[in-house]
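Analysis of the macromolecular model
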Amino acid sequence: AATCGQPRPGVGSAHGSRCAPSGFALTAPSALPPGAYTVTVYAHTTGGAFNASAAVGVTLLGPTAPFGAVDTPADGVTVTGEMAMTGWALDDVGVSRVDIFRSSVAGEPAGLLFVGRAVFIRGARPDVQSLFPNAADNDNAGWGFMVLTNMLPNQGNGTFDLHVYATDYAGQSTLLGTRSIIA
């Protein structure tokens, strides 16, 4: 059901203050699957002197996974000491976090191990902001993370695969990229 009586100052200005609270709001039920729908609105006066209806087509979109890129480091680079990981991530509802994992090495349980969480840097990627002007929080797409190679296994000696995942506020996660480094 719609919530009636929402403010519509433009309607009130054109038809008198009694018409100002003539707006309505309708939120689709969360159980409604993505797809095309027709919404029909019926308007009537309390005395029944005026009756009208209007229909409009709407398309409900399903949530999408985040997208973006890992800009640095280059794949296969040799590093010592500190190594910056940078990139960008966007989503239709906003990116809540960018996490860095590494592949396990010999002697560790198989799988991905958490390394750390990147920091978002507002205003750092105007190029991304201009490419995706309608993306949520697009001025906060840039992210960065500093890896201290001596904190990796074997005091940072060896080859390591680092995986970067972005997660949105709806809980969807996607792999932005993997970089192999030699330390």
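Above this text is the structure in question.
Let me sum up the structure you'll find in this document. Quick caveat, the model's predicted, so the values are computed rather than measured.

Moving on, we get to the sheet that holds strand β8 (residues 95-103). A sheet is described by the order of its strands in space; here 5 strands give the open sequence β6-β13-β12-β8-β9, paired in mixed fashion. This sheet does not close on itself; its edge strands, each paired only once, are β6 (77-78) and β9 (112-117).

With that settled, the discussion passes to empty space enclosed by the protein. All told, the structure shown has 1 cavity of 30 Å³ or more when counted by the stated rule. What the largest cavity holds in volume is close to 50 Å³. If you go around the largest cavity, the residues you meet are A89, L90, G94, V95, F120, A136, D137, N140 and A141.

Once that is clear, we can look at the nonpolar core. Here is a general trend for soluble globular proteins: nonpolar side chains tend to be buried in one another's company. M85, V98, W143 and V164 are the most contacted members of the largest nonpolar core, which totals 20 residues. When residues of this core are traced back to their parent elements, those giving at least two are β7 (82-90), β8, β11 (142-148), β12 (159-168) and β13 (173-182). Looking at this core, the element that brings in the most residues is β12, giving 4 residues.

All right, on to unusual backbone geometry then. Across the junction of T72 and P73, the peptide omega takes the value 5°, indicating a cis bond. A positive phi is found at N154, a non-glycine position, where the angle reads about 60°. As for its position among the elements, N154 is in helix α3 (residues 153-156). A relative accessible area of 51% means that N154 is categorised as exposed. A positive phi is found at Q155, a non-glycine position, where the angle reads about 55°. When you line up the elements, Q155 lands in helix α3. Residue Q155 is classed as exposed on the basis of its relative accessible area, which comes to 63%.

On to the pattern of salt bridges, then. The final tally for this structure, using the stated rule, is 7 salt bridges. The salt bridge partner of D99 is R97, with a shortest N-O separation of 3.1 Å. In this structure, R122 and D137 form a salt bridge, with 3.1 Å as the shortest nitrogen-oxygen distance. Pair noted here: R122 is in the loop between β10 (119-120) and α2 (126-131) and D137 is in the loop between α2 and β11, with a separation of 15 residues, a long-range link. Take R122: its relative accessible area is 52%, and that puts it in the exposed class. D137 gets classed as partly exposed once you look at its relative accessible area, which sits at 38%. Overlapping salt bridges, with partners in common, bring together D71, R125 and D127 in one network.

By volume, the largest pocket amounts to about 370 Å³. As for the largest pocket, its lining consists of 16 residues, of which C4, F24, V41, Y42 and A43 are closest to the centre. Those elements giving two or more residues to the lining of the largest pocket turn out to be β1 (3-6), β2 (23-25), β3 (35-44) and β4 (51-60). A per-element tally of the lining of the largest pocket places β3 first, with 5 residues. A class-by-class count of the residues in the lining of the largest pocket yields 10 nonpolar, 6 polar and no charged.

The rules behind the values
- Residues numbered from 1 in each chain as written.
- Predicted model: local features only at pLDDT ≥ 70, side-chain atom pairs only at ≥ 80, totals over all residues.
- Heavy atoms only, no water.
- Pairing = 2+ DSSP bridges.
- Helix = DSSP H or I, 4+ residues; strand = E, 2+ residues; numbered from the N terminus.
- 1 Å grid on protein atoms, 1.4 Å probe; cavity = no way out; pocket = protein on both sides within 12 Å on 5 of 7 lines; lining within 4 Å.
- Points joined across faces, edges and corners; volume = space filled by probe spheres on them.
- Core = buried A, V, L, I, M, F, W, Y, C linked by side-chain atoms within 4.5 Å.
- Buried < 20%, exposed > 50% of the residue type's maximum accessible area, 1.4 Å probe, protein only.
- Salt bridge = Lys/Arg side-chain N within 4 Å of Asp/Glu carboxyl O.
- Nonpolar A, V, L, I, M, F, W, Y, C, P; charged D, E, K, R; others polar.

Structural measurements only, silent on function.
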